[in-house]
Amino acid sequence: MKKGKGLLTGLIMVLLMAAIITGSLVAGYKFITTINKDAKKRFEEVSKNIESASKEKLGISLDQHLGIDETKLLGYEEKEKRNYQGARIYECNSYIFNDRGDVLTDFFKEDSYGLPIRFDADRKYGVLQNKGSCYLIDSNLNYTKIAEDCVYCGINFEGTYAFYTSDSGICLYEIENKKEIVIDDSGFDACISPNGKMLCYVKYQSGGDTAVYIAGIDKEPECIDMTDSGFYHPYVVSDDGKYAFYEANDTSIGTGLMCSNNGERMKLSKNYTRTLLFDRNCQKVLFYYDKRIRYYDVFTDSIVDLSIDDDISELKGFGDYNYVMNDSYYSMVLDASDFEENVIITGYRSVYCINGVIPEAVLLADGYCNNFGLSKEGPGCVFERDDAIVKAVYTGGEVLETTLYEDTEHIAYISMNDDLSEGVMLIREKVEDEYVYNIYSLAEDGAKEFVAECGKNYIDSIRWDKFFKKCYYISDGNIYSLSIKTGETKLIASDCDSFDYVFSRDAVPGFKDNSGKLFYIINDKVYER
């Protein structure tokens with residue numbers, strides 16, 4: 001009897017050890033293929049070779065697998081890419097408009113540098129705080145008042161919930177069912193999870209302390225940090241409420257970016273951050289801090305500083321469905337599970353992109369560059385090198401280059417559209433013993449075609465309109481629009497002095513007339529500043 005028990009115990013131990021070893025191998029495989037795409041490619045090649053040999057020599061199919069979802073072994077979850085096809089809403093210095101060219105002026109304010117309006121990732125909705133009320137504006141520019149006595153508001157990534165602070169407290173508003181949900185009796189400076197069901201916010205305590213809370217539809221308010229001599233600013237909170245990132249200014253721990261990871265507090269920087277990019281799940285962050293680019297994710301719980309051989313200028317996120325966070329032009333939640341597909345780091349002498357789930361910087365361009373975008377192949381840029389205009393795109397783990405134009409000596413200006421597929425060049429050319437500036441269209445294969453003449457003097461004569469895919473140019477005091485696809489030109493305004501820089505997240509072309517008055521152009525229509 002004892003011998004039988006011993007045999008059974010031994011068998012159980014063998015099976016247990018086999019399970020542990022198998023689990024370790026699978027987890028190890030997942031880890032190495034997650035952080036190293038070359039290793040993943042090699043594993044796949046070996047796997048295909050083994051499968052081919054087994055079918056050919058033994059007649060055995062290896063199609064069946066263990067049923068393990070490898071993507072979840074480290075906790076990462078891939079979200080489906082967005083593909084919204086409807087109208088999209090924007091705002092430029094008090095003018096609210098959509099990509100059909102409709103303009104809403106009901107909330108216009110003279111001499112304003114922008115309205116406190118927030119958008120979902122699709123740009124289906126905007127949520128606006130105006131004169132103490134909260135308005136929900138759809139992409140057809142219809143609007144509804146959803147709350148009064150409102151001092152702060154926003155909307156989630158997916159466009160399903162708005163939030164605001166009012167006399168009721170800090171609340172969620174379910175857009176489809178037009179339903180208010182009170183989350184806490186007080187709170188301010190909030191951020192909302194991508195699915196809209198969680199809030200991270202600041203709240204004053206009865207004793208005078210300031211605290212950061214997480215609460216949601218199915219989660220009671222939970223304090224994750226507190227100070228008696230400082231303040232906080234939340235950036236993001238995950239869908240399940242387990243993770244939150246926020247800025248802290250606390251005399252006990254100093255200033256810096258903080259992460260609450262399942263209730264454990266971790267400091268990620270020793271000073272204020274300049275730009276932050278988060279993945280769709282709000283579990284990873286890439287940020288610009290103290291002249292470096294730093295990475296952190298909640299699963300490895302480790303900080304990585306990217307190696308970049310240049311002084312960093314900007315950290316840029318690209319894509320059609322990125323969610324710009326409240327009160328920030330530069331920080332956003334990307335429609336991606338990692339940073340490889342839509343991030344560019346610009347230096348003063350070079351441009352870098354990102355490789356790998358746990359990222360490393362890859363040199364994309366080694367010349368002066370001011371045109372960046374997300375092409376159909378991947379993130380890219382157009383830059384000058386050795387008297388040539390070159391397009392570089394990062395795709396499939398390598399940088400692909402295309403020479404667009406081989407003589408830069410006479411190029412005064414070049415501008416590409418958001419996906420780098422087309423653009424315009426302003427070239428100084430000699431015509432009958434005089435130099436004039438001519439506009440040429442530029443295709444992604446380098447083909448150029450004459451479009452128009454801008455005259456003898458060049459003063460910032462071209463603007464590219466990313467919303468309506470047009471180019472605007474000045475010639476002899478007149479502004480014209482140009483469709484690159486059709487070649488059609490149209491007179492927009494006369495008595496024009498020059499284009500003017502427009503400081504807005506959704507900047508449209510702006511110009512000054514000869515009296516100094518400022519105007520905006522929205523889909524070929526002129527609006528006064």
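Structure first, text after, so check above.
Parameters at a glance
- Residues numbered from 1 in each chain as written.
- Predicted model: local features only at pLDDT ≥ 70, side-chain atom pairs only at ≥ 80, totals over all residues.
- Heavy atoms only, no water.
- Helix = DSSP H or I, 4+ residues; strand = E, 2+ residues; numbered from the N terminus.
- Buried < 20%, exposed > 50% of the residue type's maximum accessible area, 1.4 Å probe, protein only.
- Contact = heavy atoms within 4.5 Å.
- Areas by Shrake-Rupley, 256 points an atom, 1.4 Å probe, with all protein chains shown as cover.
- Phe/Tyr/Trp six-rings, centres within 6.5 Å; stacked < 30°, edge-to-face > 60°.
- Polar contact = N/O pair within 3.5 Å; in protein donor to acceptor, adjacent residues only side chain to side chain.
- Pairing = 2+ DSSP bridges.
- Salt bridge = Lys/Arg side-chain N within 4 Å of Asp/Glu carboxyl O.
- Axes fitted to C-alpha atoms, helices over the stretch in contact; angles between N-to-C directions.

Below, the discussion takes up the overall build of the chain. For the chain, the count of helices and strands is two helices and 45 strands. Within the chain, buried positions represent 51% of all 529 residues. Here the analysis covers contacts within the chain between residues at least 6 apart in sequence; of these, 42% occur between residues at least 24 apart. Per element, the accessible surface of the chain, about 26200 Å² overall, is 47% carbon and sulfur.

Taken as a whole and assessed by the stated rule, the structure comprises 23 aromatic pairs. With a centroid separation of 4.7 Å and an interplanar angle of 35 degrees, the aromatic rings of Tyr95 and Phe108 are classed as tilted. Residue Tyr95 is found in strand S2 (residues 95-98), and its partner Phe108 is found in the loop between strand S3 (103-104) and strand S4 (117-119); the two are separated by 13 residues along the sequence. For Phe108, a relative accessible area of 27% gives the class partly exposed. On the numbers, 5.4 Å between centres and 85 degrees between planes, the contact of Phe97 with Phe467 is edge-to-face. With Phe97 in strand S2 and Phe467 in the loop between strand S38 (462-465) and strand S39 (470-475), this residue pair connects regions lying 370 residues apart in the sequence.

Within the element layout of this structure, Asn438 appears in strand S36 (residues 434-443). Judged by its relative accessible area of 5%, Asn438 falls in the buried class. Within the structure, the side chain of Asn438 is placed 2.7 Å from the side chain of Glu429, a separation counted as a polar contact. Setting aside chain neighbours within four positions, we find Asn438 in contact with Met425, Leu426, Ile427, Glu429, Phe450, Ala452 and Glu453.

What follows covers the environment of Ala248. In this structure, Ala248 sits in strand S17 (residues 243-250). Separated by 23 residues in sequence, Ala248 and Asp225 have C-alpha atoms that sit 9.4 Å apart. Sequence-distant contacts of Ala248, defined by excluding residues within four places in its chain, comprise Phe231, Tyr232, Ile253, Gly254, Thr255, Gly256 and Met258.

Moving on, we come to the side chain of Ser481. Summarising the element assignment, Ser481 is placed in strand S40 (residues 478-482). By relative accessible area, Ser481 is classed as buried at 4%. Side chain to side chain, Ser481 and Asp524 meet in a polar contact 3.4 Å long. Residue contacts for Ser481: discarding those within four places in its chain leaves Cys471, Tyr472, Glu488, Thr489, Lys490, Ile492 and Asp524.

Bringing the environment of Asp387 into the picture now. Following the sequence through the fold, Asp387 ends up in the loop between strand S31 (379-385) and strand S32 (388-395). Between the C-alpha atom of Asp387 and that of Thr408, which follows or precedes it by 21 residues, the distance is 5.1 Å. Setting aside its immediate chain neighbours within four residues, Asp387 contacts Glu406, Asp407 and Thr408.

Before going further, it helps to spend a moment on the pairing of S2. Neither face of S2 is left uncovered, since the one carrying Tyr95 and Phe97 and the one carrying Ile96 and Asn98 both have all their residues buried. With four bridges joining them, strand S1 (residues 89-92) and S2 adopt antiparallel strand pairing. Bridge pairing in S2 links Glu91 to Ile96. Where S2 and S3 come together, two bridges link them in antiparallel fashion. Across the sheet, Phe97 pairs through a bridge with Val103, a residue of S3. The turn linking S2 back onto S3 is made up of four residues, and Gly101 within it adopts a positive phi angle of 95 degrees.

Inspection of every chain in the model, using the stated rule, returns 22 salt bridges. Of the charged contacts, one joins Arg123 and Asp506 as a salt bridge, the two residues approaching to 3.0 Å between their closest N and O atoms. Residue Arg123 is located in the loop between S4 and strand S5 (125-130), and its partner Asp506 is located in the loop between strand S42 (496-500) and strand S43 (510-513); the two are separated by 383 residues in the primary sequence. Each member of the pair, Arg123 together with Asp506, is buried. Between Asp290 and Arg292 there is a salt bridge, and its shortest N-O distance comes to 3.0 Å. Exposure remark for Arg292: the relative accessible area of 26% places this residue in the partly exposed category.

This part is about unusual backbone geometry. Backbone geometry follows two general trends: most residues other than glycine have a negative phi, and most peptide bonds adopt the trans configuration. One non-glycine residue, Lys131, adopts positive backbone phi at about 50 degrees. Structurally, Lys131 is set in the loop between S5 and strand S6 (133-138). With a phi angle near 50 degrees, Asn523 is a residue other than glycine that sits in the positive phi range. Relative to the helices and strands, Asn523 resides in the loop between strand S44 (518-522) and strand S45 (525-528). Looking at Asn523, the relative accessible area reads 22%, which means it is partly exposed.

What follows is about the sheet that holds strand S16 (residues 230-237). An order of S16-S17-S18-S19 is seen for the four strands of this open sheet, with the pairing classed as antiparallel. Each having just a single partner strand, S16 and strand S19 (264-267) make up the two edges of the open sheet. Between one strand and the next, the sheet's axes are offset by a mean angle of 25 degrees, whatever the strand orientation. Pairing analysis gives seven bridges linking S16 to S17, with the strands arranged antiparallel. Looking at S17, one finds that Pro234 is bridged to Tyr246.

The next point concerns the sheet that holds strand S22 (residues 292-297). Strands in a sheet are paired, the pairing made by backbone hydrogen bonds, and the direction either parallel or antiparallel. Pairing within the open sheet is mixed, and its six strands lie in the order S23-S22-S21-S20-S26-S25. Only two strands of the sheet have a single neighbouring strand rather than two, namely strand S23 (303-305) and strand S25 (323-324). In terms of strand pairing, strand S20 (residues 275-278) meets strand S26 (residues 332-333) through two bridges, oriented parallel. Of the residues in S26, the one forming a bridge with Leu277 is Met332.

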